[in-house]
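Single-letter residue listing:
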Amino acid sequence: MLVLWERACANLRRSTEAKWVRWAAPKLRLSAVCLVLLWSVAYFVSVVGPHYPLKDWLFFRYARYWGYSALFALSCVCSGHRLLLWLAPKRRPLLEWLTLSFPLGVLAFYVGVFVFGLFGVLGKAFAFLWPTALCAAGFLPLQRHVRVRVRRAAYLRAHIPALQPRFSRLITAFGLANLVVVYLTILTPENVGYDSRWYHLAIAEHYAVGHRVAPFTEGWYQGALPHLASFIYTWAFVLPGGLFDQIEQSAHLEFVVLLFLLAGIGPLVRRLAPRLRAPGAWVAFFLFHQLLLQSNFATGNDTFGALWAVPVFIATLEAWKTLDPRACALLGTTIAGALATKYQAISCAAFPVLAIAGRSLWGALGSGWKSLKLVQLHWVRGPLWAGVACIALMSTVWIKNWWWYGDPLYPFLYQHLHLHPWTADSAQLVKTVLEPALWKPTGPLLRRIQETLPVLFNFSFKPNDFAEWTGLLPLFGSLFTLSLPVLPFVQLPRRAWALVVATHVGVFAWYWTHHQDRYLIMIVPWMAAVVVVVILRVWRQGLVPRAILVCLVGLEVVWGGDASFLPIHPMIKDSMLKHSIDFMNSGFRGKRADRFDTFAPWPAIGRSIPEGSKVLIHEARLHLGIGAMSVSDFGGAFQGGISYVRWPKPSLMHSELTRMGVTHVLWSSGRSENIDSIGSELIFRDFVLNFLGAPRDFGNMHLAPMRKTVSDADWSDLVAVLGCGGGYESGVYHVGQLVVLPLGGSPLAQFPKPVKGERAGPIPYHDLEFIVNDHGCRAALPAEVRSSFTHVAPSGRVEFWVRRHTP
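Cut-offs applied
- Residues numbered from 1 in each chain as written.
- Predicted model: local features only at pLDDT ≥ 70, side-chain atom pairs only at ≥ 80, totals over all residues.
- Heavy atoms only, no water.
- Helix = DSSP H or I, 4+ residues; strand = E, 2+ residues; numbered from the N terminus.
- Buried < 20%, exposed > 50% of the residue type's maximum accessible area, 1.4 Å probe, protein only.
- Contact = heavy atoms within 4.5 Å.
- Areas by Shrake-Rupley, 256 points an atom, 1.4 Å probe, with all protein chains shown as cover.
- Expected span 1.5 Å × (residues − 1).
- Axes fitted to C-alpha atoms, helices over the stretch in contact; angles between N-to-C directions.
- Parallel < 35°, antiparallel > 145°, perpendicular 65-115°, else oblique.
- Left-handed = near helix turned anticlockwise from the far one by under 90°.
- Nonpolar A, V, L, I, M, F, W, Y, C, P; charged D, E, K, R; others polar.
- Core = buried A, V, L, I, M, F, W, Y, C linked by side-chain atoms within 4.5 Å.
- 1 Å grid on protein atoms, 1.4 Å probe; cavity = no way out; pocket = protein on both sides within 12 Å on 5 of 7 lines; lining within 4 Å.
- Points joined across faces, edges and corners; volume = space filled by probe spheres on them.
- Phe/Tyr/Trp six-rings, centres within 6.5 Å; stacked < 30°, edge-to-face > 60°.
- Lys NZ or Arg CZ within 6 Å of the ring centre and 35° of its normal.
- pLDDT = per-residue confidence, 0-100.
- Salt bridge = Lys/Arg side-chain N within 4 Å of Asp/Glu carboxyl O.
- Patch = residues over 30% accessible without salt bridge, like charges linked within 9 Å, V, L, I, M, F, W, Y side chains within 5 Å.
- Pairing = 2+ DSSP bridges.

Before going further, it helps to examine the overall build of the protein chain. Counting its regular elements, the protein chain contains 29 helices and 11 strands. Considering the protein chain as a whole, with its 807 residues, one finds that 53% of them fall into the buried category. Partitioning the intrachain contacts of the protein chain with sequence separation of at least 6 by distance along the chain shows that 72% fall at a separation of at least 24. Of the roughly 37,300 Å² of accessible surface on the protein chain, a fraction of 65% belongs to carbon and sulfur atoms.

Below, the structure is given as structure tokens:
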């Protein structure tokens, strides 16, 4: 028995050891593999670290941008899906569902930033809580919807094999190459365009620094325009990171919008021609080379505007059928999203408004006006819902403008409403400077129509752009226009004809309002869809039409294929691709320390300003990166609240600036470029010379704090004008008289007479505060005069002199 017991115990030990070995051996091997891999990682870092430290790798920065962009995209899709279920609960193909959901989510994201911004909670907590809340609002319905769509797609792949058209891989490669080119251009903040530096991103920085959405106290006109993109960029600016990260995050958000924009062209083609397969329809977008020519994807709002083109037309098709209130509400929402982005989106809103209005009128005439109650008729309810949805969402622009500035379209209704802030010079400046700056036909109505009609067919052949950028080469992309003569012979569906008409109505509205080529991006998705349908129709006609079509498309591609490489970026005057490549390899060229410093000297100026300050920036449009709230006095044609000549005393100017919240003043000692009066420039230069705190210098820029109080003692408002004839007569004036604008032919007032002419006796220099001397015909001022005055703001041959006050 003892022997049997010992054998049993030995067998049990062997069995237990074998089980333990079988259980532990795989885990030990896995642990060994992990340890070896970890050692490999550590060894690799130790080898490359001395050459290029891991913390300096650009990869981790861009990975963070993509992470935040993915959060933004997910929050938009989730919330947009929830809105789509309420507005248009119907079964849709996957891409069409995505095409409608994402823009609706972008609109919800924008409204949230605006509303919460009014309460002053735009901080880092908001940056994470708001997209998280949007994700939570629609995640579960989205999860169920995606699960169903994935199963359906798997079934279709298993039972209906996809037919890959010829050249599909080549077409896709062309589109991906263009996407890579676009992405390469956004890898550095230097790609940011002029308008983005002036107001798109500057508005976002202003809101983010102040943690709130508030009126621009100087009545800055750009701040009163629709800026959906600027509110999305505001979210990027409240995320953790410096100026480089904020700008690059904004650029990546725009790139994500571009991806969803491209995804919508295929569903639109399917709507136009359900029996045609076009898996690479999105590539047609890049046949319009103007989009790449000026770096159109330059962190502006044009891409956000184009995002709405496809949803607007799909919603128009659905609303047209029965004028269903929900479908009409979806249409009104998409139109509001487009207009809330920028007013130039009228090009994609004009046709839907006319179409639904015509459909409603036709229904009214067909139903009879007297037999039924108006409130019960579908042809009334639907358009009413569309109007209510559009106006309610546009209230984020119109109502806040009316409340803050007294004009929903501030400042364009200045002839009919009482605007605030508004100076005595503002109306004339808007009339003579701002309104003529809009690219639109002028003259009698008939002449404007005659000028506009030919543009419907030659807009791609006759550029409407700045000659110094493009050389006025026809690089927009002409396939849409060249497709028009083919249309009667390819049996287009009625929906496709409707889109052709809608595109031409959009071109008409574009030329009628502001016809710079880049604004046509709003309806390029429509043009691309039409081009795709025509290509597919012609392709079925036979071998000869195919050969000619390949020749036509090939010529278009080759003609504009180098648009991305031309050295004509409006800000860097070079090729953006070359600049991005130089930036990417700057780390290996020993420029790691300063490669993230951009837009100098503004960040350095911002770091010298106490938190919570507001800076008056004199005559500088571009101040992105200052990191502080700002007040701009650039040209009375761009703001309605500042005209220094109307504040002739230092104490009055001090009180007005203090009322606007100004704590510091920033100005340049260089040549004055402001479109303003001589009196305004003299008063400003006198104020910064004698009535501010000690300035700090940043090159030719000077920053000084406001004083607590300012006295008018020992101050005179007299100015001597020593000219050469023409304009102001030589003599002594009150500075408040020098209000005539240098606009050549459109003066604000007739030139006033001096209070003392030059012929009336010697100029009393000891009583003067200012001297304006035209040294083109005048001798230099006497030394004893110059000893009491300071030469400020040179402007051509005219010298401005201001008396120095004793501190």
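On we go from here.
Let us look at helix 6 (residues 194-210). Between its first and last C-alpha atoms helix 6 spans 23 Å; for 17 residues at 1.5 Å apiece the expected length is 24 Å, and the two agree. Most of helix 6 is tucked away: 15 of the 17 residues are buried.

Helix 22 (residues 494-513) packs onto helix 18 (residues 445-452) with a crossing angle of 125° between their chain directions and a minimal axis gap of 10 Å. Relative to helix 22, the element helix 18 is oriented oblique. The interaxial crossing formed by helix 18 with helix 22 has right-handed handedness. In this structure, helix 18 uses Leu445, Arg448, Ile449, Glu451 and Thr452 to contact helix 22, whose residues at the interface are Phe508, Tyr511 and Trp512. Here the contact of helix 18 with helix 22 is built from residues that sort into 5 nonpolar, 1 polar and 2 charged.

Judged by nonpolar contacts, the single largest core of 171 residues is most densely connected at Phe102, Phe285 and Trp526. One finds Val631, Tyr644, Ile683 and Val735 within the second-largest nonpolar core, a separate group that totals 35 residues.

The rolling of a water-molecule-sized probe over the atoms marks out the regions of remaining empty space. Following the criterion strictly, the structure yields 5 cavities of 30 Å³ or more and no others. The calculated volume of the second largest cavity comes to roughly 60 Å³. Elements supplying a minimum of two residues to the lining of the second largest cavity: helix 6 and helix 16 (378-405). When residues in the lining of the second largest cavity are grouped by element, the largest group, 3 residues, is from helix 16. Its residues assigned to classes, the lining of the second largest cavity comprises 7 nonpolar, 3 polar and 1 charged.

Moving on: the side chain of Thr234. Along the chain, Thr234 turns up in helix 8 (residues 228-238). Exposure remark for Thr234: the relative accessible area of 1% places this residue in the buried category. Contact partners of Thr234, with chain neighbours within four places excluded, come to Val113, Leu122, Ala204, Tyr207 and Ala208.

Moving on, we come to the packing of aromatic side chains. Geometrically, a pair of aromatic rings is defined through the distance of the ring centres and the angle of the planes. Applying the stated rule across the entire model yields 48 aromatic pairs. Ring centres 6.0 Å apart and planes at 85° place the aromatic pair Trp66 and Phe255 in the edge-to-face group. Of this pair, Trp66 sits in helix 2 (residues 58-87) while Phe255 sits in helix 9 (residues 243-263); the two residues are 189 residues apart in sequence, bridging distant segments of the chain. For Phe255, a relative accessible area of 9% gives the class buried. When the ring centre of Phe596 is taken as origin, the NZ or CZ atom of Arg61, which lies over that ring, is 3.7 Å away. Directly above the aromatic system of Trp320 lies the positively charged group of Arg359, at a separation of 5.6 Å from the ring centroid.

This paragraph deals with the confidence of the model for the protein chain. Looking at the protein chain, the pLDDT average stands at 84 and 89% of residues meet or exceed 70. For the stretch residues 369-376, pLDDT sits under 50, and the model shows 8 contacts to residues farther than four places along the chain or on other chains. Predicted confidence is poor over residues 743-748, with pLDDT under 50, and the contacts of this stretch with residues over four places away or in other chains come to 13 contacts.

Further remarks concern the pattern of salt bridges. For the structure on display, the rule yields 16 salt bridges. Here Lys90 and Glu318 are joined by a salt bridge, their closest N and O atoms 3.8 Å apart. Of the two residues, Lys90 sits in the loop between helix 2 and helix 3 (94-118) while Glu318 sits in helix 13 (residues 309-322), which places them 228 residues apart along the sequence. One salt bridge in this structure joins Glu318 and Arg271, with 2.6 Å as the shortest N-O distance. Of this pair, Glu318 sits in helix 13 while Arg271 sits in helix 10 (residues 265-272); the two residues are 47 residues apart in sequence, bridging distant segments of the chain. Its relative accessible area of 10% is what places Arg271 among the buried residues. If you follow the salt bridges from partner to partner, you end up with Lys90, Arg92, Glu96, Arg271 and Glu318 in one network.

With that out of the way, let us pick up a nonpolar patch on the surface. A cluster of nonpolar side chains, namely Val41, Phe44, Val45, Leu54, Phe59 and Phe60, defines an oily patch on the protein surface of about 570 Å² accessible area. Among the elements of the structure, helix 1 (2-48) and helix 2 are those that each provide at least two residues to the nonpolar patch. Here the nonpolar patch takes 3 residues from helix 1, the largest share from any one element. Relative to the elements of secondary structure, Phe60 occurs in helix 2. The exposure class of Phe60 is partly exposed, given its relative accessible area of 41%.

Turning to the sheet that holds strand 4 (residues 696-698), a few remarks are in order. Taken together, 5 strands build an open sheet; the order of strands is 2-1-3-5-4 and the sheet is mixed. The strands lining the two open edges of the sheet, one partner per strand, are strand 2 (629-632) and strand 4. In this sheet, neighbouring strand axes are inclined to one another by 25° on average, regardless of whether the strands run parallel or antiparallel. In the sheet, strand 1 (residues 614-617) pairs with strand 3 (residues 664-668) via 3 bridges, with the strands oriented parallel. Within strand 3, the position partnered with Ile617 by the bridge is Leu666. Across the face of the sheet, helix 28 (residues 678-690) comes into contact with strand 1 and strand 3 while running at roughly 115° to strand 3.

To continue, consider unusual backbone geometry. Backbone torsion omega between Tyr410 and Pro411 reads 10°, so that peptide bond is classified as cis. As for its placement among the helices and strands, Pro411 is situated in the loop between helix 16 and helix 17 (426-437). Going from His420 to Pro421, the amide bond is cis rather than trans, its omega being -5°. Structurally, Pro421 is set in the loop between helix 16 and helix 17. One non-glycine residue with positive phi stands out, namely Leu323, at about 55°. Residue position: Leu323 is located in the loop between helix 13 and helix 14 (325-341). Exposure remark for Leu323: the relative accessible area of 1% places this residue in the buried category. Phi is positive for Gln491, close to 55°, though the residue is something other than glycine.

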